[in-house]
Protein chains: 2
Amino acid sequence: MSCTFVPVSATSDFSLQNLPFGIFSTATSPARVGVAIGTYVLDLSALSRHGVFSHISGLQAETVFSQSTLNSYMALGKPVWSAVRAALQDFLSNDSHPARTVAVSDVAVEQSSVTMHLPAKIGDYTDFYASREHATNVGVMFRGKDNALMPNWTHLPVGYHGRASSVVVSGTPLRRPNGQRRPDATKPPVFGPSVRVDYELEMALLVGPGNELGEPLTMAQAGERIFGVVLMNDWSARDIQAWEYVPLGPFLGKNFGTTISPWVVTMEALEPFRVAQPAQDPEPLPYLRDSTNSGYDIQLKVDIKPSGSDEYYALTNSNLKYMYWSLKQQLTHHAINGCSMQPGDLLGTGTISGPTEDSFGSMLELSWSGKNDIKLGDSGLTRKFVEDNDEIRITGVCQGDGFRVGFGECVGQILPAKQLDF
Amino acid sequence: MSCTFVPVSATSDFSLQNLPFGIFSTATSPARVGVAIGTYVLDLSALSRHGVFSHISGLQAETVFSQSTLNSYMALGKPVWSAVRAALQDFLSNDSHPARTVAVSDVAVEQSSVTMHLPAKIGDYTDFYASREHATNVGVMFRGKDNALMPNWTHLPVGYHGRASSVVVSGTPLRRPNGQRRPDATKPPVFGPSVRVDYELEMALLVGPGNELGEPLTMAQAGERIFGVVLMNDWSARDIQAWEYVPLGPFLGKNFGTTISPWVVTMEALEPFRVAQPAQDPEPLPYLRDSTNSGYDIQLKVDIKPSGSDEYYALTNSNLKYMYWSLKQQLTHHAINGCSMQPGDLLGTGTISGPTEDSFGSMLELSWSGKNDIKLGDSGLTRKFVEDNDEIRITGVCQGDGFRVGFGECVGQILPAKQLDF
């Protein structure tokens, strides 16, 4: 089966096997639901008017696909998502599909001519800490080798609430935050721009149908309720965070901005790339047990375009499969106390570091808390943390046999701090 | 000036000087904006149709007051809020007001016949830790007297992100959460219902006009952007919290439910009750300095109606004036890194404990982590933590000269845990 409606190269992130969902607008038309294919965005509201989804019960296609967020579509659940995917694949690959009389320009636009928006109105955003390598690295730096992992870490996916209002779509520049930090522990704290702005390589799931407050989810239910996954950069001001985070966790060191990629890759598209997650020892408590393959082989890459340069240099090569706690375990744990999940809620994995040094997912780890220079290729440039006007780009891809299921880009630039008169 | 439209007793929480905002519905009409006066709810959408607000520029009164949340009204800002307050006071106290030809039943309903809803769609919910007495008590219990307060505590209002989806309006019963806890540190954790469910006496502010991401607020701006205040019970499962919270803060120990009172008392109504906040030593950094009286004298009371009883027994007598970090300082600190605040965001104070034992704002403190029995009056009953079917009620009042500015009630009952088959 291949796409015959528009050309799709074998190296495109957006193959017929992918079909990620996003929200796009053009200079002359409002934000609505689209699906990426090759270099195009399929306009699902336009396709609805041509009857492509009219056979799917439980889907008010014209209404749902004309909305400026995916929340309503996410709420519909797996049977509708599967039917829409099948309808799209049929439309795109079958020359004799009744709607194939339309011109490409009637139902699709070039990605280069659209503006992408946040895919959902995010009600709540949670961030986990689910990579053993990352948690160990940070633990060694802050508490030494013998106390690196806290006692709870291997028993539950440690997580915390983030700030939904600070989540922005790829391409949105962010300001370096001002804040309190205490560079010298023998002196009082100081106020000013953070000097340790960092990236965190993460992915994040978006919740589909939610649960009522007081009604926990099981592992099996959680597996059905994940709509899809995006790339995420959980920007961190390490100096603000280090001073503030005891005892209630990260706060202003994180909520100045979190960037996500605009295209949500669905769990159905990721199905062929399932792999075993790392062995869990001790065995988790029964509510977190899982006999299925719940890891995903997604190659992740972070590059930096340093201030004043036109070139990208590699920082991190990692993979989602390194993650100790699976997406399903994260969602299940989050709701096991009855916490209410809602369509469009965002759950970040935490920094995805792997076993080798080049797979560390943050500058904190790569520079070992600023001790070492990170060399940017053969440019002669180095970094310890992100400098003003640096751009960080995350990409992710699943390599299939002759096709790719890719995530596009998650890009963000750090602008100089706002000058404050204090 | 006194209310001549409906009777208001001198002991009513809802005097002409108060006029708190909320969202109400009746058996036959949808949720919309109301203001409490005496035993009545004024229907602001009905008053709009009688022209009570037609002179106020920048207010589409019929539209804004017909909505099922206060977010749009909160976004309008202080000049509109003041004009609406003045218009309401004029209507209620002035017999010759042109709209006073209406019957009470045309524009008001008895509070006993309405259902109250959450006052706003809460985009983000944050909880602070701003009472020195509470932070010290908890610190002594967990870390000993010498390390009770963390070094950052006197330099900034410590806070963390909570879960917006778990905030419920007073009267909503909540289930005791299931979760992981580790009662015996020499053994693995166990799963099941929390055995240390607690209340936390708090108040919370609701944000009016917000700020764009990257644009910090100053103290002066923050003072203009607080719409009002509610009572809050930040329910806590101490055993789940103790096991999970290192190093990223409270999570499932909190997000099974947070209860707020339905009536938002405006900052203008609280103006006469401003007092000096506790002296701050060391002096805060310049961005948090404040020469105005930013404390509020609000008497707070927590009572318990134990399972099977019809009577309430006193647990806590405290006051918002004990809070070390003011509401303004909390909001300013939160946005100083450019974090975006939006209308309807909820910022909790953290547990408000005072200097005396009877003013401790949680059972954790009253029972000193379960060591002592809390006696419930002369009933012979005792508690260490909240038991199934116990009801906790928070009330708050500012006592004026011959009138009250009160908050009504913040009530919640803990139902037995859901039985899970693990």
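Residues numbered from 1 in each chain as written. Chains lettered and ligands numbered in written order. Predicted model: local features only at pLDDT ≥ 70, side-chain atom pairs only at ≥ 80, totals over all residues. Heavy atoms only, no water.

Enquirer: An account of the overall build of chain A is requested, with residue identities and associated values reported.
Expert: A tally of regular secondary structure across chain A gives 11 helices and 26 strands. Rg of the C-alpha trace for chain A: 22 Å, near the compact-globule value of 22 Å for 422 residues, within the 12% margin. If one aligns the C-alpha atoms of chain A with their principal axes, the spans along those axes are about 75 × 50 × 40 Å. The buried share of chain A, reckoned over its 422 residues, is 62%. At a minimum sequence separation of 6, the contacts of chain A that also span at least 24 residues come to 71%. For chain A, the accessible surface area stands at approximately 15,100 Å², while carbon and sulfur atoms represent 49% of it. The averaged location of the 43 negative side-chain charges in chain A is 5 Å from the averaged location of its 32 positive side-chain charges. (Helix = DSSP H or I, 4+ residues; strand = E, 2+ residues; numbered from the N terminus. Rg over C-alpha atoms; globule rule 2.2 N^0.38 Å. Buried < 20%, exposed > 50% of the residue type's maximum accessible area, 1.4 Å probe, protein only. Contact = heavy atoms within 4.5 Å. Areas by Shrake-Rupley, 256 points an atom, 1.4 Å probe, with all protein chains shown as cover. Lys, Arg positive; Asp, Glu negative; His and termini not counted. Charge placed at Lys NZ, Arg CZ, Asp CG, Glu CD.)

Enquirer: Pulling in residues and values, what's your account of the pattern of salt bridges?
Expert: All chains considered together, the criterion is met by 46 salt bridges over all chains. Arg383 of chain B is paired through a salt bridge with Glu387 of chain B; the nearest N and O atoms lie 3.6 Å apart. Sharing partners across several salt bridges, the network here consists of Asp198, Glu200, Asp234, Arg238 and Lys254 of chain A. (Salt bridge = Lys/Arg side-chain N within 4 Å of Asp/Glu carboxyl O.)

Enquirer: Tell me what's going on with the interface of chain A and chain B, and back it up with residues and numbers.
Expert: If you look at the interface, chain A gives 63 residues, while chain B gives 63 residues. Summed over both partners, the interface of chain A with chain B comes to about 5,900 Å²; 64% of that surface belongs to carbon and sulfur atoms. On the surface where chain A and chain B come into contact, there are 6 salt bridges. Taking the shortest distance from any N to any O, the salt bridge between Glu215 of chain B and Lys418 of chain A comes out at 2.8 Å. Connecting chain A to chain B are 31 residue pairs in polar contact (both at pLDDT 80 or more). Elements with a minimum of two residues in the side of chain A that touches chain B: β6 (125–128), β7 (159–161), β9 (174–175), β10 (178–181), β11 (190–193), α8 (238–244) and α10 (327–335) of chain A. In terms of residues, the side of chain A that touches chain B owes the most to one element, β7 of chain A, which gives 3 residues. (Buried area = accessible area lost by both parts, 1.4 Å probe. Polar contact = N/O pair within 3.5 Å; in protein donor to acceptor, adjacent residues only side chain to side chain.)

Enquirer: Account for the pairing of strand β10 (residues 178–181) of chain B, naming residues and giving values.
Expert: Residue and element names in this part refer to chain B. Of the two faces of β10, the one lined by Asn178 and Gln180 and the one lined by Gly179 and Arg181 are each fully buried. Here β10 pairs with strand β11 (residues 190–193) via 4 bridges, running antiparallel. Bridge pairing in β11 links Arg181 to Val190. (Pairing = 2+ DSSP bridges.)

Enquirer: Describe the sheet that holds strand β4 (residues 108–110) of chain B, and please don't skip the residues or the numbers.
Expert: All names here are of chain B. The 5 strands are arranged β4-β3-β2-β1-β5 in an open sheet whose pairing can be described as antiparallel. A single partner strand is all that each edge strand has here, and the edge strands are β4 and β5 (115–117). In this sheet, adjacent strand axes meet at a mean angle of 45 degrees when their direction is disregarded. The sheet strands contacting helix α4 (residues 78–93) are β1 (21–26), β2 (29–37) and β3 (40–43), and the helix crosses β3 at an angle near 115 degrees. (Axes fitted to C-alpha atoms, helices over the stretch in contact; angles between N-to-C directions.)

Enquirer: Tell me about the relation of the copies chain A and chain B, and name the residues and values.
Expert: For the pair chain A and chain B, the relating rotation is 180 degrees, the translation along its axis is 0.0 Å, and the fit reaches an RMSD of 0.0 Å. Read as a symmetry element, the transformation amounts to a two-fold axis. Taking C-alpha positions as the reference, the residue of chain A nearest the rotation axis is Gly249 of chain A, at 2.1 Å. A share of 100% of the interface residues of chain A reappears at the interface of chain B, consistent with the copies meeting face to face through the same patch. (Least-squares fit on C-alpha atoms with pLDDT ≥ 70 in both.)

Enquirer: Just give me the short version of the packing of aromatic side chains, but keep the residues and values in it.
Expert: What the rule picks out here adds up to 28 aromatic pairs over all chains. Seen in terms of ring centroids, Phe65 of chain B and Tyr73 of chain B are 5.2 Å apart; in terms of plane orientation they differ by 50 degrees. Their pairing is tilted. Classification of Phe65 of chain B by relative accessible area gives buried; the value is 0%. Each member of the aromatic cluster is reached from another via a ring pair, and the members are Phe21, Phe53, Phe65, Tyr73, Trp81 and Phe227 of chain A. Over the ring of Tyr312 of chain A we find Arg393 of chain A, and its NZ or CZ is 3.7 Å from the ring centre. (Phe/Tyr/Trp six-rings, centres within 6.5 Å; stacked < 30°, edge-to-face > 60°. Lys NZ or Arg CZ within 6 Å of the ring centre and 35° of its normal.)

Enquirer: Talk me through the side chain of Arg32 of chain A; I want residue IDs and the actual numbers.
Expert: Residue and element names in this part refer to chain A. For Arg32, the position within the fold is in strand β2 (residues 29–37). A distance of 2.8 Å separates a polar atom in the side chain of Arg32 from a polar atom in the side chain of Asp43. Arg32 has contacts with Gly22, Ile23, Phe24, Asp43, Ser45, Phe65, Ser66 and Gln67, leaving out every residue within four places of it along the chain.

Enquirer: Summarise the confidence of the model for chain A; cite the residues concerned and give the values.
Expert: For chain A, mean pLDDT is 97; residues scoring 70 or higher make up 100% of the total. For this predicted complex, the interface score ipTM comes out at 0.97, while the overall pTM is 0.98. (pLDDT = per-residue confidence, 0-100.)

Enquirer: Describe in detail the side chain of Gln280 of chain B, supporting the description with residues and values.
Expert: Residue and element names in this part refer to chain B. As for its placement among the helices and strands, Gln280 is situated in the loop between β18 (274–275) and β19 (295–296). Within the structure, the side chain of Gln280 is placed 2.8 Å from the side chain of Gln329, a separation counted as a polar contact. If we ignore the near neighbours within four places in the chain, the residues touching Gln280 are Tyr324, Trp325 and Gln329.

Enquirer: Can you lay out unusual backbone geometry for me, pointing to particular residues and giving the numbers?
Expert: The omega torsion of the bond from Val246 of chain A to Pro247 of chain A falls at 0 degrees, within 30 degrees of zero and hence cis. By the secondary structure assignment, Pro247 of chain A is in the loop between α8 and β16 (258–260). Cis geometry marks the peptide bond from Asp281 of chain B to Pro282 of chain B, where omega comes out at 5 degrees. Summarising the element assignment, Pro282 of chain B is placed in the loop between β18 and β19. Although it is not a glycine, Leu19 of chain A adopts a positive phi angle of roughly 55 degrees.

Enquirer: So what's going on with the sheet that holds β2 of chain A? Which residues, and what values?
Expert: Residue and element names in this part refer to chain A. Strand order across the open sheet formed by 5 strands is β4-β3-β2-β1-β5, with antiparallel pairing between neighbours. Looking at strand neighbours, the two that pair on one side only are β4 (108–110) and β5 (115–117), the edges of this open sheet. Sheet twist, expressed as the average angle between the axes of neighbouring strands with direction ignored, equals 45 degrees. Sheet topology places β2 next to strand β3 (residues 40–43); 4 bridges connect them, and they run antiparallel.

Enquirer: Just give me the short version of the domain arrangement of chain A, but keep the residues and values in it.
Expert: Residues and elements named next belong to chain A. Looking at chain A, the domain boundaries give domain 1 (21–117) and domain 2 (125–415). Each of domain 1 and domain 2 was reduced to a C-alpha centroid, and the two centroids are 30 Å apart. On the side of domain 2, 17 residues touch domain 1, which itself brings 18 residues to the contact. With both chains or domains summed, domain 1 and domain 2 bury close to 1,500 Å², and 68% of this area falls on carbon and sulfur atoms. Area buried by domain 1 at its contact with domain 2 is led by Phe21, Met74 and Trp81, which between them contribute 38% of it. Where domain 1 touches domain 2, the interface holds 1 salt bridge. We note a salt bridge from Lys78 to Glu224, for which the minimum N-O separation is 3.6 Å. Applying the counting rule to domain 1 against domain 2 returns 3 residue pairs in polar contact (both at pLDDT 80 or more). If you list the elements that add at least two residues to the side of domain 1 that touches domain 2, you get β1 (21–26), β2, α3 (71–74), α4 (78–93) and β5. With 4 residues, α4 is the largest single contributor of residues to the side of domain 1 that touches domain 2. (Domains from an automatic or database assignment.)

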